[in-house]
Amino acid sequence: MSSHTFGLAGIMGWPVAHSRSPLIHNHWIQKYGLTGAYVQLPVAPSKLDIAIPGLAALGFRGCNITLPHKVDALQLMDEVDANARRMGAMNTIVVQPDGSLKGFNNDGFGYIQSLLDAKPDWRADAGPVTVLGAGGAARAVVLSLADRGAKEIRLLNRSPEKAQALADEFGAPVKALPWSERHAALADVALLVNTTSQGMHGQPDLDLKLDALPRHALVSDVIYVPLETPLLIAARQRGNPTVNGLGMLLNQARPAFHAWFGVMPEITPELRQAIEATL
Ligand code: NDP
């Protein structure tokens, strides 16, 4: 797409008013001197199948897809990137030069990049990984860690059948363990990831004893409201390095912006501060 024409993109979900994506993308549009806008696209589930095919006709270069459409949007694409297909969910549509629609999922990229931003020498194969939760965020985290070479991923979820289903689907190196073993499953790990909603604003704290966790282990939480969850605070107090969920949110936006506007945008301290001010 030419960067000389007005560039239109947005976030499609239901609801979308809470999304920080307009702030992120409009910040970049301004920073890189582009002509365009990133807008809210509130679309009810019953209207998804008419809204998505209308994107190209309305002049959109694409849009992000958020809850509750991340799975249902897949069947409305002309083409789906291999990564999004494996994740069974998508978060980005790119309108191709011929007007066809291609679906992508950048959540895993965002997660891995957030770890590398915090710790440039981070390696997925540094030791066992424990992932708590087996919802949408867990799928992206687990798959991207496995792709990066994690050798052992211990997956624990309150509803055990969901952890087992993910382990069955992804195969080695993912191993489902009972939720009751979450405290002991921290022994020897190089990375602990919380992908449950526990610790999020308005939710109870995650019930987890950190005693068995090695002090060098990296502790990451995909939650970004609040920025520092009780888990991250407790981990830092005992000396563990920590990574919050803001880096994942910011980094997943980068490949989409690149596809729509032709610039791979940077995450500057100024952008982080602008988002943090809203959290
Ligand atoms: P899902 O609803 O798909 O999954 C929620 C997970 O939390 C499930 O594993 C669920 O377990 C678990 N859970 C809920 N309540 C409890 C409880 N009381 N005790 C233990 N576990 C519980 O949500 P998502 O995966 O989409 O999102 C999870 C979190 O990740 C949210 O806070 C979201 O904001 C954040 N997120 C951050 C992103 C980022 O860019 N930083 C991107 C995507 C999500 P069960 O299966 O038993 O219900």
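This is a predicted model, so every value here is computed, not measured.

### Some points on the overall build of the chain
- For the chain, the count of helices and strands is nine helices and 12 strands.
- For the chain, whose C-alpha radius of gyration is 19 Å, the value lies close to the compact-globule estimate of 19 Å for 279 residues.
- Overall, the C-alpha framework of the chain stretches about 55 × 40 × 35 Å when taken along its three principal axes.
- Working note: accessible area of the chain is about 12,400 Å², and carbon and sulfur atoms make up 54% of it.

### Details of the pairing of strand β11 (residues 218-221)
- On β11, burial covers both faces: L218 and S220 on one face and V219 and D221 on the other are all buried.
- The pairing of strand β10 (residues 191-194) with β11 spans four bridges and is classified as parallel. Across the sheet, residue V193 finds its bridge partner in β11, namely S220.
- With two bridges connecting them, β11 and strand β12 (residues 242-243) associate as parallel partners. Residue pairing in the sheet places V219 in a bridge with T242 of β12.
- In terms of handedness, the path from β11 via helix α7 (residues 230-237) over to β12 forms a crossover that is right-handed.

### What to know about the environment of V43
- Tracing the backbone shows V43 in the loop between β2 (36-42) and α2 (48-51).
- Residue V43 is classed as buried on the basis of its relative accessible area of 11%.
- In this structure, the C-alpha to C-alpha distance between V43 and N194, residues 151 residues apart in sequence, is 30 Å.
- Every residue in contact with V43, bar those within four places of it in the chain, is listed here: M12, G13, W14, L48, A51 and H69.

### Some details on the sheet that holds β10
- With respect to topology, six strands assemble into an open sheet ordered β9-β8-β7-β10-β11-β12, the strand pairing being parallel. In this open sheet, the two edge strands, each paired with only one partner strand, are β9 (174-177) and β12.
- Relative to β9, strand β8 (residues 153-156) runs parallel, the two being bridged by four bridges. What sits directly across from I153, in β9, is V174.
- Across the face of the sheet, helix α6 (residues 160-170) comes into contact with β8 and β9 while running at roughly 160° to β9.
- Sheet strands touched by α7: β10, β11 and β12. Its angle to β11, the strand with the most contacts, is close to 165°.

### Observations concerning the packing of helix α1 (residues 21-31) against helix α8 (residues 246-261)
- Closest axis-to-axis distance for the α1/α8 pair is 10 Å, and the angle between their directions is 50°. In this view, α1 runs oblique relative to α8, as classed from their interaxial angle. In this structure, α1 meets α8 at a crossing whose hand is right-handed. Within the contact between the two elements, α1 uses I24, H25, W28 and I29 and α8 uses L249, L250, A253, R254, F257, W260 and F261.
- Here the contact of α1 with α8 is built from residues that sort into nine nonpolar, one polar and one charged.

### Some points on the UniProt feature "domain: Shikimate dehydrogenase substrate binding N-terminal" (unreviewed entry) in the chain
- Feature annotation in UniProt places "domain: Shikimate dehydrogenase substrate binding N-terminal" (unreviewed entry) on residues 11-93, given in this structure's numbering.
- In the segment residues 11-93, helix accounts for 25% and strand for 22%; the C-alpha atoms at its two ends are 10 Å apart.

### Some words on the side chain of S144
- Looking at the element boundaries, S144 is found in helix α5 (residues 136-147).
- Take S144: its relative accessible area is 7%, and that puts it in the buried class.
- Among residues more than four places away in sequence, those in contact with S144 are G108, Y111 and I112.

Rules used throughout
Residues numbered from 1 in each chain as written. Predicted model: local features only at pLDDT ≥ 70, side-chain atom pairs only at ≥ 80, totals over all residues. Heavy atoms only, no water. Helix = DSSP H or I, 4+ residues; strand = E, 2+ residues; numbered from the N terminus. Rg over C-alpha atoms; globule rule 2.2 N^0.38 Å. Areas by Shrake-Rupley, 256 points an atom, 1.4 Å probe, with all protein chains shown as cover. Buried < 20%, exposed > 50% of the residue type's maximum accessible area, 1.4 Å probe, protein only. Pairing = 2+ DSSP bridges. Right-handed = clockwise from strand over helix to strand, strands pointing away. Contact = heavy atoms within 4.5 Å. Axes fitted to C-alpha atoms, helices over the stretch in contact; angles between N-to-C directions. Parallel < 35°, antiparallel > 145°, perpendicular 65-115°, else oblique. Left-handed = near helix turned anticlockwise from the far one by under 90°. Nonpolar A, V, L, I, M, F, W, Y, C, P; charged D, E, K, R; others polar. UniProt positions renumbered as here; feature names shortened; annotations may be inferred.

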